[in-house]
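Commentary on secondary and tertiary structure
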Amino acid sequence: VVASPQVHISRPFLSLPDIEVSFDGSCRRSRHGEGGGAAAVFWSRPDRHGNRRIHKVLCVAFSGPQSVPAMEAWGLRLVLCDLCRGVDQAVPIPAASRTARIIGDNVLVIRYGASQGRLRNFDQAGLLEGPLTATALQGWELSWLPVHRELNEAADFFAKRAAERAPHAPSASPLFFS
């Protein structure tokens, strides 16, 4: 008798997700004041050599004092909201292609997204609950990959640039850009 694993419910383990995205958050203090920023970097499918290129970048900037964990949660929120928006477009993402690998360097936020941990800050959890529910209802199959900070350079670069672009007025609305 020879036993081998068979896939009955989901796709084969070795298949690549259709979307790969990394996120990060950053804060800054300058003579103009404090601010924070978050970024989501969407990557292309790998080429024949396995290399991925940046496909799209989404950023948000906040004025006033911010915390890095809150900005990390905003980075993941950008990812999840964009995945949900992709389903609502004129040509929606087919159900069979709704797979995504989400990469980040904040283990707490990654574990919360993967339903393997909790966030002690209810404001951060509140930022993520709606988008996490929406992705589940739309049939997204999400995989989560925590990485060391030095392996998340692209998202870190754009999150720092977003924090630098934060409005200087403390009561200014968040600035979304790509």
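Everything discussed here concerns the structure shown above.
Notes on the structure in this doc start here. (Residues numbered from 1 in each chain as written. Predicted model: local features only at pLDDT ≥ 70, side-chain atom pairs only at ≥ 80, totals over all residues. Heavy atoms only, no water.)

Notes on the layout of surface pockets
Note the following rule: In this analysis the probe radius is 1.4 Å and the grid spacing 1 Å, with only protein atoms considered; a cavity is a set of points the probe fits into but cannot get out of, a pocket is an open set with protein on both sides within 12 Å along at least five of seven lines, and lining residues have an atom within 4 Å of a point. Grid points are joined across faces, edges and corners, and a volume is the space filled by probe spheres set on the points. Helix and strand definitions follow DSSP, with helices as H or I runs of at least four residues and strands as E runs of at least two, each counted in order from the N terminus. Nonpolar residues are Ala, Val, Leu, Ile, Met, Phe, Trp, Tyr, Cys and Pro. Charged residues are Asp, Glu, Lys and Arg, and all others, Gly as well, are polar.
Taken as a whole, the second largest pocket encloses approximately 250 Å³ of empty space. Around the second largest pocket, the lining comprises 13 residues; the ones closest to its centre are Ile-19, Phe-42, His-55, Lys-56 and Ile-93. Residue contributions to the lining of the second largest pocket peak at three residues, all from helix α1 (residues 68-87). In the lining of the second largest pocket, the residues fall into five nonpolar, five polar and three charged.

A short note on helix α3 (residues 122-137)
Stated formally: Helix span, expected: 1.5 Å multiplied by one less than the number of residues in the helix. Bend, at a single residue, is the angle you get between axes fitted to the 7 residues ending at that residue and the 7 residues starting at it. Relative accessibility decides the category of a residue: with a 1.4 Å probe and only protein chains considered, values under 20% of the type maximum give buried, values over 50% give exposed, and everything between is partly exposed.
Relative to the 22 Å expected for 16 residues at 1.5 Å per residue, α3 spans 22 Å between its end C-alpha atoms, a close match to the ideal helical length. At Glu-129, α3 shows its largest kink, close to 30°, and the proline Pro-131 lies no more than four residues downstream. Along α3, the positions that sit buried rather than exposed are Gln-124, Ala-125, Leu-127, Leu-128, Pro-131, Leu-132 and Thr-135. In the stretch just after α3, Gly-139 is the one whose phi turns positive, near 85°.

Structural notes on the pattern of salt bridges
Keep this limit in mind: Salt bridges are defined as contacts in which a side-chain nitrogen from Lys or Arg sits within 4 Å of a carboxyl oxygen from Asp or Glu.
For the coordinates displayed, the defined rule picks out eight salt bridges. One salt bridge in this structure joins Asp-156 and Lys-160, with 3.3 Å as the shortest N-O distance. A residue pair is termed a helical-turn pair when its members lie 3 or 4 positions apart in one helix, as Asp-156 and Lys-160 do in helix α4 (residues 153-164) at four residues. Lys-160 sits in the partly exposed class, given a relative accessible area of 38%.

Looking at the nonpolar core
Test applied: In this text, buried Ala, Val, Leu, Ile, Met, Phe, Trp, Tyr and Cys residues form a nonpolar core when linked through side-chain atoms within 4.5 Å. Two residues qualify as a contact provided that any one of their heavy atoms is within 4.5 Å of a heavy atom in the partner residue.
Leu-76, Val-79, Ile-102 and Leu-128 are the most contacted members of the largest nonpolar core, which totals 30 residues. Every element with two or more residues in this core is listed here: β1 (19-30), β2 (33-43), β3 (54-63), α1, β4 (99-104), α2 (107-113) and α3. Counting residues per element, this core draws most heavily on α1, which supplies nine residues. Not counting the four nearest positions on each side in its chain, Leu-76 is found in contact with Phe-23, Ile-102, Val-109, Leu-128 and Trp-144.

Considering unusual backbone geometry
Positive phi, normally seen in glycine, also occurs at Ser-115, with a value near 60°. Here Ser-115 lies in the loop between α2 and α3. Judged by its relative accessible area of 62%, Ser-115 is exposed.

Some thoughts on the sheet that holds β2
What counts here: At least two bridges found by DSSP between two strands is the condition for calling them paired. Axes, fitted as lines to C-alpha atoms, cover a helix only where it is in contact. Angles between the N-to-C directions of the axes lie from 0 to 180 degrees.
Here six strands make up an open sheet; going across it, the order is β5-β4-β1-β2-β3-β6 and the pairing mixed. With one partner strand each, in any of the chains shown, β5 (141-146) and β6 (175-177) form the two edges of the open sheet. Taking the axes of each pair of neighbouring strands and ignoring which way they run, one obtains an average angle of 20° across the sheet. As judged from the five bridges shared by β1 and β4, these two strands associate in the parallel manner. Among the inter-strand pairings, Glu-20 is bridged to a residue of β4, identified as Arg-101. Contacts from α4 reach β1, β2, β3 and β6, with the element oriented near 145° to β2.

Nothing here speaks to function; it is geometry throughout.
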